[in-house]
Amino acid sequence: MIGEINATLKSRASVARGPLRLLAESLRNDLTPLIQLEAIELPTQKARLSRIGGRCGRHGTLLNFDPWSPRLHSCTACATSYADDAHYRWWIMNYQLWIAERSVHAAVHGALTGDEQSLALSERILSAACDRYLTYPNQDNVLGPSRPFFSTYLESIWLLQLSIAVSVLQARGSNPSLVQRTFDDVLAPSLKLVSSYDEGGSNRQVWNNAAIMCAGALLQEDRLVDEAIHGRSGIARHLMNELLADGTWYEGENYHLFAHRGLWYGVTMAQQLGAVLPDEGLRRFREGFATPFLTALPDMTFPARRDSQYGVSLRQWRTAESCELGLAFGDDPRLVRALHSLYADDVAPGDTGRSFSTAEAERNVPPVRLSRASLGFKSLLCARPELPGLDTQRAGEDESVHLPAQGYAVIRRDSGRAHVALDYGVGGGGHGHPDRLNLWLIHGNARWLQDVGTGSYVDPSLFWYRSTLAHNAPMLAGQGQPYGTGHVIAWQQQGPASWISAAFPLAPEVMARRSVTVMEDYLIDELAWEAPHEVVIDLPWHLGPVDGEFGTSWSVDADALDALQYAAGGAGLVTSVERAASPISTMVAHVDTQELRVWFDDQLQPEWFRCAAPGPPGEGIGSSRTFFVERAYGVVGTMRSVLAWGTHGGLDVQKSSADGHRPRSAVASVQFSGDVVVVARADGSQDRHERVPEGWRIQHSGAAGGAQAMDLQLNIAGAAIRRAADAGATSGDSHGGQEMGEDGRGRAHATNGQGDSHARIETPADDAASVDTPSAQFNELVATLPRAQPLVIELGAPHYRRTEQSWTEAGSPTARVELRTEPGGLRLNVLVRKEDVCFAPPRDTNPLDNEHPDINSDGVQLYLYAPDRFHAAWILVGQPDGSLRATVRADNPAGTARRLQGGWKPHGEGYEMQCFVECPVPREFYCHVVINETARNRERRRGQLVLTGAHGEWAYLRGDREPLDAFLRVVQVD
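Before going into details, it helps to say that this report is about the structure given with it. (Residues numbered from 1 in each chain as written. Predicted model: local features only at pLDDT ≥ 70, side-chain atom pairs only at ≥ 80, totals over all residues. Heavy atoms only, no water.)

1. Topic: the packing of helix α3 (residues 85–113) against helix α5 (residues 152–172)
- Where α3 meets α5, the axes come as close as 9 Å, and the angle between the chain directions of the two elements is 20 degrees. Viewed along their axes, α3 and α5 adopt a mutual orientation that is roughly parallel. Judged by the twist between their axes, the crossing of α3 over α5 is left-handed. Facing Met 93, Gln 96, Leu 97, Ala 100, Glu 101, Ser 103, Val 104, Ala 107, Val 108 and Ala 111 of α3, the residues of α5 in contact are Leu 154, Ile 157, Trp 158, Gln 161, Leu 162, Ile 164, Ala 165, Val 168 and Arg 172.
- Residue classes in the contact of α3 with α5 are distributed as 14 nonpolar, three polar and two charged. (Axes fitted to C-alpha atoms, helices over the stretch in contact; angles between N-to-C directions. Helix = DSSP H or I, 4+ residues; strand = E, 2+ residues; numbered from the N terminus. Parallel < 35°, antiparallel > 145°, perpendicular 65-115°, else oblique. Left-handed = near helix turned anticlockwise from the far one by under 90°. Contact = heavy atoms within 4.5 Å. Nonpolar A, V, L, I, M, F, W, Y, C, P; charged D, E, K, R; others polar.)

2. A short note on the nonpolar core
- Counting 128 residues, the largest nonpolar core has Leu 97, Trp 158, Leu 160, Leu 239, Tyr 265 and Leu 277 as the members making the most contacts within it.
- Among the elements that make up this core, the one with the highest residue count is α3 (16 residues).
- Contact partners of Leu 239, with chain neighbours within four places excluded, come to Leu 263, Val 267, Leu 277, Gly 281, Leu 282, Arg 284 and Phe 285.
- By size, the runner-up hydrophobic cluster in this structure holds 46 residues, among which are Leu 449, Ile 500, Ala 502 and Val 535. (Core = buried A, V, L, I, M, F, W, Y, C linked by side-chain atoms within 4.5 Å. Buried < 20%, exposed > 50% of the residue type's maximum accessible area, 1.4 Å probe, protein only.)

3. Considerations on the environment of Phe 289
- Within the secondary structure, Phe 289 sits in the loop between α11 (279–287) and α12 (291–294).
- Taking the C-alpha atoms as reference points, Phe 289 and Thr 248, separated by 41 residues in sequence, lie 9.1 Å from one another.
- Dropping the residues within four chain positions of it, Phe 289 is found in contact with His 260, Trp 264, Ser 322, Leu 325, Gly 326, Phe 329 and Leu 335.

4. What to know about the pattern of salt bridges
- Under the criterion given, the structure shown has 62 salt bridges.
- With a shortest N-O distance of 3.5 Å, Glu 933 and Lys 834 are connected by a salt bridge. Here the residue Glu 933 occupies a position in strand β40 (residues 924–933), and Lys 834 occupies one in the loop between β34 (825–833) and β35 (859–866), the gap between them amounting to 99 residues.
- Look at the salt bridges and you will find they share partners, linking Arg 261, Arg 318, Glu 321, Glu 360, Glu 362 and Lys 378 into a network. (Salt bridge = Lys/Arg side-chain N within 4 Å of Asp/Glu carboxyl O.)

5. Here's the deal with α5
- For α5, built from 21 residues, the straight-helix expectation of 30 Å at 1.5 Å per residue is met to within 8% by its first-to-last C-alpha distance of 30 Å.
- With 18 of its 21 residues buried, α5 lies for the most part within the structure.
- Just beyond α5, the residue with positive phi is Gly 173, at close to 75 degrees. (Expected span 1.5 Å × (residues − 1).)

6. Observations concerning the sheet that holds β34
- Here five strands make up an open sheet; going across it, the order is β31-β33-β34-β39-β38 and the pairing antiparallel. Either end of the sheet is taken by a strand with one partner, and the two such strands are β31 (791–795) and β38 (899–907). Ignoring which end each strand starts from, the neighbouring axes of this sheet average 10 degrees apart. (Pairing = 2+ DSSP bridges.)

7. Quick look at the sheet that holds strand β5 (residues 418–423)
- Strands sit in the order β3-β4-β5-β6-β7 across an open sheet of five strands; the sheet is antiparallel. Either end of the sheet is taken by a strand with one partner, and the two such strands are β3 (401–403) and β7 (446–449). Pairwise comparison of adjacent strand axes, ignoring direction, gives a mean angle of 15 degrees for this sheet.
- In the sheet, β5 pairs with strand β6 (residues 438–443) via six bridges, with the strands oriented antiparallel. Residue Val 420 lies in a different strand from β6, and its bridge partner there is Leu 441.

Okay, structure coming up:
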């Protein structure tokens, strides 16, 4: 690889001094303040994730990062300044990434231009990293082992930067002693740590692979390099699995942009190393350069689907660099058009944020004017010396697109100002939301229906943003959607009409279909369902500011509030619910000069609720927005509506290739009758829509009379919801990273691929219950429990979920769990064998994240579940007086957690805890026990002993959530 680097440096020197001279000079200007420093000082502490760190206490937005201001940080929204230590520890994360990236910029700039000061700066940064790296403790991490950071992928990005920098120095023959020291003191130990944590199909694993490939190649760790390329979580697998057939990354636009940059490193290095990657995977990779522009919103932001940041503009220097790197692989007119938009002068100049960029971890800024001088070091090494002529057509303007592998369709009207989308497909793994059949409508600057993504991962609002109720997507009353993938029924464009129809199972026997017909200035939305019995269907409407009295009165509904709070993740973020006295037939909404009129079909006599909950991230902590929920009942049914966009007064202006501009009439009225919808405009024209056996029929009548028929022919009958979906709809997500647990908040996959897929439970006592091999049908462990006899299970190394330390390194903790049914309830006895018992004192809040604070203490998590009876959980922590602090964690809207009493006492080997749950114990029920263990010098728990086995899993990100498929099924026998 060093030979290839040296050849690249020699061939690109003339480009850096010629066509890309302004880019080289601008990178040098960024480096000047650091070059003038006498020494590079790195923080003595490691970065720390906390609830308040790095975010404004008023708005919840990220604070500005200034590498020259470690102790004072300002809000991007309100300019409030913060100096808390929690913000400093967050600043450390950004600073470490920033300084590592400067080492690459300096090395590449110096090597290409002969600037010795830049080369010296890179050496000083590497020397500082060698001095400090091994002094950072590998503990209290949030997502994988790390020394300078709290997550492995951050260390991977950091390691990648330093590896590239030292490879450039090595290729030039610079400072061999420093190169060897960097290998020994940074690259080797960091590579060992990063390669120990496999994140499967997550976007984060892309960066782990890139770092392993680069550092591994320098250290001649051929096995690790090969695993990063061809292994079960390697780049080849990512290209063919996580990168979908349409070129999109399965976790959505936000993570596409992040992961695709990592794939660029991986593909580039793999090819330099002579590895052969699959042709289809490379095709998907090349397609991935253009896909962010295919789904862009009218204001050139990307859709905030899934765990995306909200309202982020594509006018970032990183996005422009991605286009430039894509064109280096070959001509693509879409990328040329995109660069025309990104390099246009229709936005004001400003700070691009590159001088403060934190390596490959995004810090997005407001849109500013960009040029080739705004790019990064990768463009100096790989971009074309000269660009092809930039097309004058803006990318994606008035072009509709269907991404079938992603399951996302965008229909554009009004020269791209009107944007209608249906999100039905791939669930999105650990960053996905249960929001299949989610509807979008945006016109100009008015975001009438949208997805607002996710704010902070460590704030309780996360549970709201990840709920079905926070989206314009259907759900069963009181229940969020299951995580899964929908199936397209039809996608068709014909003249002025476009159609998208897709289906998704809201429950195993409840199939929903959403069909959207889009005309020039309105759309018809149709949600239909089929079930084996009567069901309750809720359809949330998160519309823009709605005017009017609705022709009904409203009254507070406490029962509906409880149910919707549960549906919203149980965090109490739905603050009010009112019920309408009668169905709503129309709504009107306004944003500036934009107007939206909505007509609802009331043939099903739906109920209506007016609710309040958080709006888009960044509007302010504690702020709320009004939204509505339409509720209907039936075995089968259809909820229809018409949404018409325009300007106040009913006129809008639309460009026309014939006459430049022309007025467009707005919709004046809508009539619903059975399967017929008649839409009349103010100019006297009307469209008659009707669902027919072949699909959908539209008949247009002009203002002066006459009719023109337009038929949108579907391949299946419109009523056959189930037949259309059976072929492709699933209730599970096929992509990796994380899998959603029973409560929808996520659990990590096992990552080492070792061992049986089921736990092995030892029962050493002769009179203890027997444990059978789980049946393939249920994929579960079954314990046969004779009444009045205990189920005894010994937990040890196979049951240990680790964090940074292995079971042995953690002191080899073990436990004995004894479960017994008694008259009136269930008794649990737990004997935990470990050194130095650490029960945490009670705390009202967790300063670290949105999990309950007691998970970071020694203690027990107990779960009980009986179908249609109860589903309850507790966190049990010992108190100084021998009692238990029992935190109820009920997982159902009725809160049917049972009464629990018990205590604890010290034991020679650790502690013993016992409790009794008062509940009628059915013949068959499910239970689970997880034992948390920590140490006195830690903030977060060290590991967990798991009743049904750990299977090589890690304890990161689990909170107190355990999926039902990990529970033990207990069957009592006489």
